[in-house]
Every structure is written in structure tokens, then in C-alpha cells.
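Here is how the chains run, residue by residue.
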There are 2 protein chains.
Amino acid sequence: MPKIAVAGKGGVGKTTFSGVLARVLAAAGEKVYAIDADPNPTLGQVLGFPEELMAQVVPIVQMADLIEERTGARPGESGAYFRLNPRVDDIPERFSVAYQGVHLLEMGTVKGAGAGCVCPENTILRALVTHLLLRERETVIMDMVAGVEHLGRGTAAAVDAMYVVVEPGQRSLGVAADIVRLADELGIPALWMVANKVRGEQDLDFIRGHLGGRKLAGWLPRDDHVVEADMQGRALYDAAPELARRVEAIARETGLIHEPSVPVP
Amino acid sequence: MPKIAVAGKGGVGKTTFSGVLARVLAAAGEKVYAIDADPNPTLGQVLGFPEELMAQVVPIVQMADLIEERTGARPGESGAYFRLNPRVDDIPERFSVAYQGVHLLEMGTVKGAGAGCVCPENTILRALVTHLLLRERETVIMDMVAGVEHLGRGTAAAVDAMYVVVEPGQRSLGVAADIVRLADELGIPALWMVANKVRGEQDLDFIRGHLGGRKLAGWLPRDDHVVEADMQGRALYDAAPELARRVEAIARETGLIHEPSVPVP
């Protein structure tokens, strides 16, 4: 089953796309893990998790006891000795929370976390991501912070496809170009561009003209249903059926779905 | 002169607000330093810096020779000994690029940078921010990554006011609540909420109802001029005069401007 990363400038709609794609693939019968890697996590809200379920979600890096049990050191103990290959295979089942077929895991903020950071909490996150990417039976969607700076070379190699979300404007397209460059260096095999907040043909032309030759996998309109769903705390997949249909088309276009048809609300 | 931090969820308009506010205060006669602390910097674009000027902007953390000269270690040498109080007082003049009265500095991405990270590049950034915040004659506007995680307690103490930008929706309001909590802990003296992408009275009511009692300093409408300026690479201050007027009103409302009137295009 596919391992997917979603990247792009802050606010372009990474979480929107990740959340709807997760539901689309769950509706296609896949077991989906949705990973929120943003330090300010909001994927659960886009997925429409009810408050009582969200209350059960604890970001992995905040589980001090778990981190100590598995690595031998507590979060923040960067000088301490700790295991670099902690056991993580039971974490997805034990600590994810499921709703409408999507299993949500929040990574949380690691103070001082970067590609080269060695600390107990970062070690457990990296082991967990690598483990999830190597599982055969499950679809994994990772909603990244912005780019792929936090993916190591080994982790990136296990990603099957990355979607880079852009909006009409030079700023998100410039950030996308940087992300694409790094993703190419890391050897991510399939890179797809997705346009969001499109107001019409002119916006699409503008975006196509700034993709440096990369093909657009599809586009999503600027849609007030997205704002309304966010205000009401509803799952975007349910609140914005047109958006869901378009994300499904993108999943099909890029080979994530092969079955002839999938029920979309 | 005031030292200002701008925070909020990715994509709510932190850079939009920072860039326009920088121009508003420059128009009021202040010497303004605008600091882009985002790993994917786009403040120069919002400020409308021409391409030939942007080509001169080098993020501080990429200046390996400068970092070695000042700290005694090159970027990435986290194991090496290096000075924890590098000289930085000449950096703003030497490495900022100015346009329309705003001096731009890009911080760049420090791999492994967090509140507690000790490495040559993070050390120079922290020294630089602290230095800028202590300068008496200059206004400083810092466009933050998302929240204030990267501000140490000492640095935060020198910030006079923080603006937290929100948009209609539970996601940005949830992130804002987290930011406000941390800012209070750090002792930032004045915290102002700014609503962006407002479509009408209902959006404003929604936002007011989710601010946990904090007062809105003002609001900005959802404005297609912002999208157009981003597509054309124009300074938002020039391309969106209504927005500029509203930001000026917020600056006045929150005590940043005392003079009776300021020319706005």
C-alpha cells in the first residue's frame, strides 16, 4: 500500500489535501494511517474527529514515560545515553485514534528537532516513521511541516509519492520549487503538483507557467465549504463533496486508486 | 522604537501583515528592520523587493565564513568549541537589503534548531535577534515561523508587542490559543489579535467568540488584491491600499503610531 508525503508552503492546503485524501483512500477500502507532523497539529480537525476522540490524541513526543521505556532516556535528556533503535511496532495500534476508517497519529513538537538532531524524542519519531513506511498492508499519509527537511535519506527512500500543494501566487510556487529540489536530491520517486484555491482558468495558467515543467496532477477550487467546515469543525470530506470528488480524481490520476469506482458523498 | 513579533498558524497571513506593517511604519518615518524567520522565506516578496535586490539577500545561517569568523566554528560543526557571544552589531547594516525604507534580513533554516539547540548558526541568530531587540533607534518586526517556540525567555522579554494573526476557522484559532499561552508564559507584555481573510460580520462574530476574551486589535478583509500582488510580485502595501489603510489603523489602535496622520497610497 502506498506511502505518501504531502508538502508545501504554510497555509496552501497541505492538511486539507491530506485529510480528504485519507478519507478517499479509506473509502476505497484501505487501512489508512494519517500522520500529523506539524508542530501545530490540525489534521484531526480536518478529518472531523469528534472532540471526545481528539481528547484521546496525545502527540508521541509528549509521552515521556513511553519514550523513556523505549529509549532509556526521557524527553529533553539530550546528553543521556539512549537506544537508537527503540521498539515502535506496537505504537501505531496503541496510540492512534481512528474515525471513519482513518487512524490518526500526532507527532508533536520536538524542541531542537532537525534532520541531524539526536535526542530520545526525535529518535523515536524517526523509528516510528520508518516503521510505518515499511509496513506492507497499510496506506500512510504524512502531512509534513512545510518541506521535507525533516525526512532523512533512508526515510525518504521509503516514500512512494509526494504531493506538493501550491496556490496561485509566486510565494507558494517558490517554496514548492525548493521542496522539489530537495525531494529530488533525496530520491523520492514520484512527485506530483496539486493546485489549490484556484479561482479560474487564469489562476491555472499562472500556476502551470510557474511549475518549471512539472505536471499538475490536478486542481482544487477556492471553496468556501473549506472555511465553513473549519468553522463548524466538520470533516472536510463530508462538508465539501466537490472537493472530495476532485481529490479522488487526483488519487486516480496518480495511480493511488485502481478500482473502477469509489463511493464519494 | 517598538520591537514587534508576528505569529499565527501557517498561511493565515503573518507575512502579509508583517510586510504591510513594515511599510506603514517606514512611511511614518521609522527605520524598520523586517526579520524573516521562516525557513521558507517570502517576506521579501510581500515587501515587493525587486529581483535584483532579492538576489543580494543571503540568509544569515548560509554565511559559513561569517559564522566561522564570529563564532570560531562553521555551520554544522555542533561538536566543535565556539564562542557563545559572537559579535553581531555590524550584521544588520552589512547584510540587510533595503527597499522603500524597510531593511530586510533573512534568518534561514538551521538544521536542528530549537529553543535549546546549541550550534554555531543558532548561536549567531540568537545573538543577532537579541541585539536587534535592544537597539533603541530602530523598529524591528519579526515574522515568526508559527508560534514563539524559538524565542528564548531573554529574547521574549525584549519584545514589546506580539500580533497573533487568525482567520475564520477553528484551526487557526486553536493554534492562536497555544501561541498566546506560550507568549504569556514568556512574559510578552502586549498581545494583540488580528483577524484576516474576513468575509463579513458573521466571520468576525465567529472569531470574536473564539478569542477566549482577548480583544481584536482589528481585522483585514479577504482581499483578492493579496492574491494578485502575490502573482505579480508587487509590494502588497502598494497593490492593496485598503489593506494598507487597515493595517495603519491597527498600528494606531495598538499604540505603534502616535502621529496624527501618515501618507498611505
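A quick note: this is a predicted structure, and the numbers were derived from the prediction, not measured.

**Side note on the sheet that holds strand S6 (residues 161-166) of chain A**
Residues and elements named next belong to chain A.
Move 1: One open sheet accounts for eight strands, arranged S3-S4-S2-S5-S1-S6-S7-S8; its pairing is mixed. For this open sheet the edge positions go to strand S3 (97-99) and strand S8 (216-221), each flanked by a neighbour on one side alone. Going from strand to strand, the sheet's axes swing by 25 degrees on average, the running direction of each strand aside.
Move 2: Pairing between S3 and strand S4 (residues 102-106): three bridges, direction antiparallel. Paired with Val97 across the bridge in S4 is Leu104.
Move 3: Across the sheet, helix H1 (residues 14-27) touches strand S1 (3-7), strand S2 (31-36), S4, strand S5 (138-143), S6, strand S7 (190-198) and S8, and the angle it forms with S5 is around 170 degrees.
Move 4: Of the strands in this sheet, S1, S2, S4 and S5 touch helix H6 (residues 120-134), which is tilted by about 140 degrees from S5.

**Let's talk about the sheet that holds strand S6 (residues 161-166) of chain B**
All names here are of chain B.
Move 1: Ordered by their spatial adjacency, eight strands build an open sheet running S3-S4-S2-S5-S1-S6-S7-S8, and the pairing between neighbours is mixed. Every interior strand has two partners, whereas the edge strands, strand S3 (97-99) and strand S8 (216-221), have only one. The average undirected angle you get between the axes of adjacent strands in this sheet is 25 degrees.
Move 2: Across six bridges, the pairing between strand S2 (residues 31-36) and strand S5 (residues 138-143) is parallel. Counted as the bridge partner of Val32 is Thr139 from S5.
Move 3: Against the sheet, helix H9 (residues 201-208) engages S6, strand S7 (190-198) and S8, with an angle of about 150 degrees to S7.

**Examining the environment of B:Ala157**
Move 1: Structurally, B:Ala157 can be placed in helix H7 (residues 153-157).
Move 2: Taking the C-alpha atoms as reference points, B:Ala157 and B:Thr130, 27 residues apart in sequence, are found 9.8 Å from one another.

**Points about the confidence of the model for chain A**
Move 1: Averaged over chain A, the pLDDT score is 89; the fraction of residues at 70 or greater is 90%.
Move 2: Model confidence for the complex: the whole-complex pTM is 0.89, and ipTM, which rates the interface, is 0.85.

**Some remarks on the pattern of salt bridges**
Move 1: Per the stated rule, a full pass over the model turns up 48 salt bridges over all chains.
Move 2: A salt bridge links A:Asp65 to A:Arg74, with the shortest nitrogen-to-oxygen separation between them at 3.2 Å.
Move 3: When its relative accessible area of 30% is taken as the criterion, A:Arg74 is described as partly exposed.
Move 4: Linking B:Arg70 and B:Asp90 is a salt bridge whose minimum nitrogen-to-oxygen distance equals 2.8 Å. Here B:Asp90 lies in the loop between helix H4 (64-71) and helix H5 (91-95) and B:Arg70 lies in helix H4, a separation of 20 residues in the sequence.
Move 5: In the salt-bridge network here, residues are joined through shared partners; they are A:Arg199, A:Asp203, A:Arg222, B:Asp224 and B:Glu228.

**Topic: the packing of aromatic side chains**
Residue and element names in this part refer to chain A.
Move 1: The tally for this structure, following the rule as stated, stands at four aromatic pairs over all chains.
Move 2: Ring centres of Phe17 and Tyr163 lie 5.3 Å apart, and the angle between their planes is 50 degrees; on these two criteria the pair is classed as tilted. Taken together, the residues Phe17 in helix H1 and Tyr163 in strand S6 connect sequence positions 146 residues apart.
Move 3: A relative accessible area of 0% means that Tyr163 is categorised as buried.
Move 4: A centroid spacing of 5.5 Å and a plane angle of 55 degrees characterise the contact between Phe49 and Tyr99, whose relative ring orientation is tilted. Linking Phe49 in the loop between helix H2 (43-46) and helix H3 (51-54) with Tyr99 in strand S3, this pair joins segments that are 50 residues apart in sequence.
Move 5: Between the NZ or CZ atom of Arg246 and the centre of the ring of Trp219, over which it lies, the distance is 4.0 Å.

Conventions adopted
Residues numbered from 1 in each chain as written. Chains lettered and ligands numbered in written order. Predicted model: local features only at pLDDT ≥ 70, side-chain atom pairs only at ≥ 80, totals over all residues. Heavy atoms only, no water. Pairing = 2+ DSSP bridges. Helix = DSSP H or I, 4+ residues; strand = E, 2+ residues; numbered from the N terminus. Axes fitted to C-alpha atoms, helices over the stretch in contact; angles between N-to-C directions. Contact = heavy atoms within 4.5 Å. pLDDT = per-residue confidence, 0-100. Salt bridge = Lys/Arg side-chain N within 4 Å of Asp/Glu carboxyl O. Buried < 20%, exposed > 50% of the residue type's maximum accessible area, 1.4 Å probe, protein only. Phe/Tyr/Trp six-rings, centres within 6.5 Å; stacked < 30°, edge-to-face > 60°. Lys NZ or Arg CZ within 6 Å of the ring centre and 35° of its normal.

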